[in-house]
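The chain contents come next:
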Amino acid sequence: MKRLQYFILAALLPCMFIACKKQVELPQLSKATLKGVGPTFADLQGRIYVDGSSPIIQRGACWELKTIAGDSKEVQFPTLEDDTLHVEGGTGFIALRIVHLQPDTAYFARFFAVNGDGVQYSYPVLVRTPALPAGAVFVEGFLDGTGDGFSMGSYTGATDEAPVHTVVLPNHFIGEKEITNTDYCRFLNALDSAGQISMDGTVGSLKYIDMEDEDVQIVYNGDKFIAKSGFEQHPAVEVSWYGAKAYCNWYGLRLPTEASWEFAARGGLISNQFMYAGSDVPTEVGWFSDNAGGETHVVGGLAANELGIYDMNGNVWEWCEDWYAGDYYAGNFTTDPTGPSAGTTKVLRGGSFMETAVTTTARFALTPEATEAHVGFRVRY
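All of the points below concern the structure found in this document.

Calculation rules
Residues numbered from 1 in each chain as written. Predicted model: local features only at pLDDT ≥ 70, side-chain atom pairs only at ≥ 80, totals over all residues. Heavy atoms only, no water. Helix = DSSP H or I, 4+ residues; strand = E, 2+ residues; numbered from the N terminus. Rg over C-alpha atoms; globule rule 2.2 N^0.38 Å. Buried < 20%, exposed > 50% of the residue type's maximum accessible area, 1.4 Å probe, protein only. Contact = heavy atoms within 4.5 Å. Areas by Shrake-Rupley, 256 points an atom, 1.4 Å probe, with all protein chains shown as cover. Pairing = 2+ DSSP bridges. Axes fitted to C-alpha atoms, helices over the stretch in contact; angles between N-to-C directions. Phe/Tyr/Trp six-rings, centres within 6.5 Å; stacked < 30°, edge-to-face > 60°. Core = buried A, V, L, I, M, F, W, Y, C linked by side-chain atoms within 4.5 Å. Polar contact = N/O pair within 3.5 Å; in protein donor to acceptor, adjacent residues only side chain to side chain. Parallel < 35°, antiparallel > 145°, perpendicular 65-115°, else oblique. Nonpolar A, V, L, I, M, F, W, Y, C, P; charged D, E, K, R; others polar. 1 Å grid on protein atoms, 1.4 Å probe; cavity = no way out; pocket = protein on both sides within 12 Å on 5 of 7 lines; lining within 4 Å. Points joined across faces, edges and corners; volume = space filled by probe spheres on them.

All right, on to the overall build of the chain then. Scanning the chain for helices and strands turns up five helices and 21 strands. Its C-alpha radius of gyration of 29 Å places the chain more than 25% over the 21 Å reference for a compact globule of 381 residues. Along the first, second and third principal axes, the C-alpha set of the chain runs to 120 × 50 × 35 Å. A buried classification covers 47% of the 381 residues belonging to the chain. In the chain, once contacts between residues fewer than 6 apart in sequence are set aside, the share between residues at least 24 apart is 72%. If you sum the accessible surface of the chain, you get close to 18200 Å²; carbon and sulfur atoms cover 53% of it.

The subject of this paragraph is the sheet that holds strand β19 (residues 346-349). Here four strands make up an open sheet; going across it, the order is β20-β19-β18-β21 and the pairing mixed. In this open sheet, the two strands that pair with only one neighbour each are β20 (363-366) and β21 (375-376). Pairing of strand β18 (residues 317-323) with β19, which is carried by three bridges, proceeds in the antiparallel orientation. Across the sheet, W319 pairs through a bridge with L348, a residue of β19. Packed on one face of the sheet, helix α3 (residues 241-250) meets β18 and β19 and runs near 80 degrees to β18.

A word on the environment of G314. Locating G314 in the fold gives a position in the loop between α5 (282-285) and β18. Since its relative accessible area comes to 1%, G314 is described here as buried. In contact with G314, other than residues within four places in its own chain, are E178, G286, W287, F288, G350, G351 and S352.

The next subject is α3. With seven of its 10 residues buried, α3 lies for the most part within the structure. When we look at burial in α3, the residues that qualify are W241, G243, A244, K245, A246, Y247 and C248. Taken from the residues just after α3, G252 is the one with a positive phi, measuring 70 degrees.

On inspection of all chains with the given rule, the structure shows 17 aromatic pairs. Seen in terms of ring centroids, Y184 and F187 are 5.4 Å apart; in terms of plane orientation they differ by 55 degrees. Their pairing is tilted. With Y184 and F187 both in helix α2 (residues 181-193) and three residues apart, the pair spans about one turn of that helix. When its relative accessible area of 1% is taken as the criterion, F187 is described as buried. Ring geometry for Y247 versus Y251: centroids 5.0 Å apart, planes at 55 degrees, classification tilted.

A word on the environment of W250. Relative to the elements of secondary structure, W250 occurs in helix α3. The spacing of W250 and L191 is 59 residues in sequence and 9.4 Å in space, taken between C-alpha atoms. If near-sequence neighbours (up to four positions away) are discounted, W250 is found in contact with F187, A190, L191 and Q196.

Formed by 32 residues in total, the largest nonpolar core has its most connected members in Y184, F187, L188, I209, I218, W319 and F377. Elements with a contribution of two residues or more to this core: α2, α3 and β18. Residues within four places of Y184 in sequence aside, it is in contact with I179, Y208, I209, I218, A236, V239, G243, A244, Y247 and F377.

Inspection of the secondary structure puts Y107 in strand β7 (residues 106-115). Given a relative accessible area of 5%, Y107 falls into the buried group. Put simply, Y107 and H172 are 65 residues apart on the chain and 21 Å apart in space, counted from C-alpha to C-alpha. Excluding its chain neighbours within four sequence positions, the residues that come into contact with Y107 are W63, E64, L65, K66, L101, Q102, V125, L126, V127 and T129.

Once that is clear, we can look at the side chain of D210. The topology assignment puts D210 in the loop between β15 (206-207) and β16 (218-220). Its relative accessible area of 15% is what places D210 among the buried residues. Within the structure, the side chain of D210 is placed 3.1 Å from the backbone nitrogen of E212, a separation counted as a polar contact. Dropping the residues within four chain positions of it, D210 is found in contact with D200, V216, E238 and T371.

A packed helix pair is summarised by two numbers, namely the angle formed by the two axes and the spacing between the axes. With their axes 11 Å apart at the nearest point, α2 and α3 run at an angle of 80 degrees to one another. On the basis of their axis angle, the class for α2 and α3 is roughly perpendicular. Counting all contacts with α2, which are made through D183, Y184, F187, A190 and L191, the residues of α3 involved are G243, A244, A246, Y247 and W250. Looking at side-chain class alone, the contact of α2 with α3 contains eight nonpolar, one polar and one charged residues.

This part takes up the layout of surface pockets. Space inside the largest pocket adds up to approximately 270 Å³. As for the largest pocket, its lining consists of 16 residues, and the residues nearest its centre are G153, S154, T156, R266 and T361. Looking at side-chain class alone, the lining of the largest pocket contains four nonpolar, 10 polar and two charged residues.

The next subject is empty space enclosed by the protein. Under the criterion given, the structure shown has one cavity of 30 Å³ or more. A volume near 70 Å³ is recorded for the largest cavity. Every residue along the wall of the largest cavity is listed here: M152, H165, E258, A259, D322, Y328, Y329, N332, F333 and P337. A breakdown of the residues in the lining of the largest cavity according to their chemical character gives six nonpolar, two polar and two charged.

Structure representation (structure tokens):
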């Protein structure tokens, strides 16, 4: 009988040892998903399904530069020894923004979770940050389906600034400054070299710039278009909507929609809700009749707004892509609106040196062939 007891005990001892041994399980994570990217950041989302054998004490993201040459399908696996962002523990949905990235650069990034038994990583995702075009400012927009947006329009402005409505815009770039006479001369001379423009600024039946108006700040010297002395860095004026649009098309750009223009003027996602583009004092950020002395000024000569964009109020009215309709806002167009499908006038924004100050929500309109001393433009990338 004793021999049988010893036999049973001997058989059970390994099982008892295994049962007493601590069970080791690391956290379980989904693959990292890229939800948004800008020149210097990337938004990652994922999920931590289970803690493992002990609670998660730390989680976060890690990333490293892509060092694999070309378009190789090989994947890199960053670790905690690379660049990291840490947050407190916990399971479930995880969304993090990694920052301080370099424009026009490729990275691999993934999530990690740490419990008492070790670290577990998600499968990585490739992140390619876009280049930052010369002279452009990045305007961060909204993720699709989040319900976020900005309130476009005004409760106290003119009737065509109402009703206030929510607008969702994607990430985009907009010109840091208004297009200057030097910029526009470069375009005109490209057309001139191709034999496409007359000395009076006409291309076919369209006048891109009124070279015969006394207020124009560009001359044709018999060989090429040049800015008048002292006006090289002033905004190009006497430019029609057609001329502004042609400039954008030539360089693979476009005019801002009035929604994208207003969002940028108001400071985007970091808006301080100023009345004017960067201040509640208009003359700090814009050239109006109170401080302009009846003329345009060098672009970027006053303070920028929250995003680092200059002259979005004052100096010159700026052409937008959209046709104008006084009741357009009543249609409640919410996702990257582009204005009515047709019309007789085009939208302008921002005010000019010839008028008293107007706010970032003010709207103005002219026929697309109009050329005026107080009208210019900037570009959207």
